[in-house]
Amino acid sequence: MGTLYIVPTPVGNMEDMTLRAIRILKEADLVLAEDTRTSGILLKHFEIKNQLMAHHKFNEHGTSAAIVERLKGGQTIALISDAGTPGISDPGFYLAREAVAAGVEVQCLPGATAFVPAIVSSGLPCDRFCFEGFLPQKKGRATRLDSLKAETRTMIFYESPYRVVKTLKQFAEYFGPERQVSACREISKIHEESVRGTLEEVIAHFEETPPKGEFVIVLAGTTEKPEKEKKKRKDKSENEE
């Protein structure tokens, strides 16, 4: 049996690449990449001369079986995405699941991912949180947002600059304009920026200053008790009286 290594790559600054990640990519029999052109630049930067094969959301169901057979045959294969940790809003889950089901060793290296620095630097509670990634663009979007109204944990979303204002306005509609939020863009890049405040304040900022770069939106959870809990406490109070 070989080993499938899931290897995080920098989300911005090339210095965020770990020494272990570089070694694994050099030693692997094959490197699977979301986009071989993007990953080719990364490998060239670190003087990694290895075979690249495309593995992305459009072909992963068709290529995973053959990859698993190569792993079962003893090969070491590394999986990378364009940026960050594969499987986190990127291809990776399906292949990892198939490899595990086949009894293949799967190891994920610690490393870069966008949402961790975003929540830690947000000033919002990060002891408990829920990662929502990209919201559905159309079908199911309202249902998802409605289901999060009672969420008490800090919530994390990914969003493109073209939809970020629309998304923030929807958040204000569903969660209230006074809900605290941190909109972090271009993490680990030269123009990294976090805009913090109420939803109303952050919306006003980006309406005046057009958003650029990929965003991680960190939204505070509700501090209100669910209606059932409110009623239960009210009934208890009345009975005590």
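Residues numbered from 1 in each chain as written. Predicted model: local features only at pLDDT ≥ 70, side-chain atom pairs only at ≥ 80, totals over all residues. Heavy atoms only, no water.

Caption draft 1: Representation of the environment of Asn13 in the model. Along the chain, Asn13 falls in the loop between strand 1 (3-6) and helix 1 (19-27). Take Asn13: its relative accessible area is 32%, and that puts it in the partly exposed class. When the C-alpha atoms of Asn13 and Pro117 are compared, they prove to be 13 Å apart, with 104 residues separating the residues in sequence. From its side chain, Asn13 meets the backbone nitrogen of Glu15 in a polar contact 2.8 Å long. (Helix = DSSP H or I, 4+ residues; strand = E, 2+ residues; numbered from the N terminus. Buried < 20%, exposed > 50% of the residue type's maximum accessible area, 1.4 Å probe, protein only. Polar contact = N/O pair within 3.5 Å; in protein donor to acceptor, adjacent residues only side chain to side chain.)

Caption draft 2: Main features of the layout of surface pockets. Considered as a void within the structure, the largest pocket measures approximately 730 Å³ in volume. Contributing to the lining of the largest pocket are 31 residues, with Val11, Ala83, Gly84, Lys189 and Glu214 lying nearest its centre. Counting residues per element, the ones that place at least two in the lining of the largest pocket are helix 2 (36-45), strand 7 (154-159), strand 8 (180-185) and strand 10 (215-219). If you tally residues by element for the lining of the largest pocket, the top one is helix 2, at 4 residues. Considered class by class, the residues forming the lining of the largest pocket number 14 nonpolar, 9 polar and 8 charged. If you add up the space inside the second largest pocket, you get close to 390 Å³. Lining the second largest pocket are 15 residues, with Lys57, Ser89, Asp90, Pro91 and Phe134 sitting closest to its centre. A per-element tally of the lining of the second largest pocket places strand 6 (residues 129-134) first, with 4 residues. (1 Å grid on protein atoms, 1.4 Å probe; cavity = no way out; pocket = protein on both sides within 12 Å on 5 of 7 lines; lining within 4 Å. Points joined across faces, edges and corners; volume = space filled by probe spheres on them. Nonpolar A, V, L, I, M, F, W, Y, C, P; charged D, E, K, R; others polar.)

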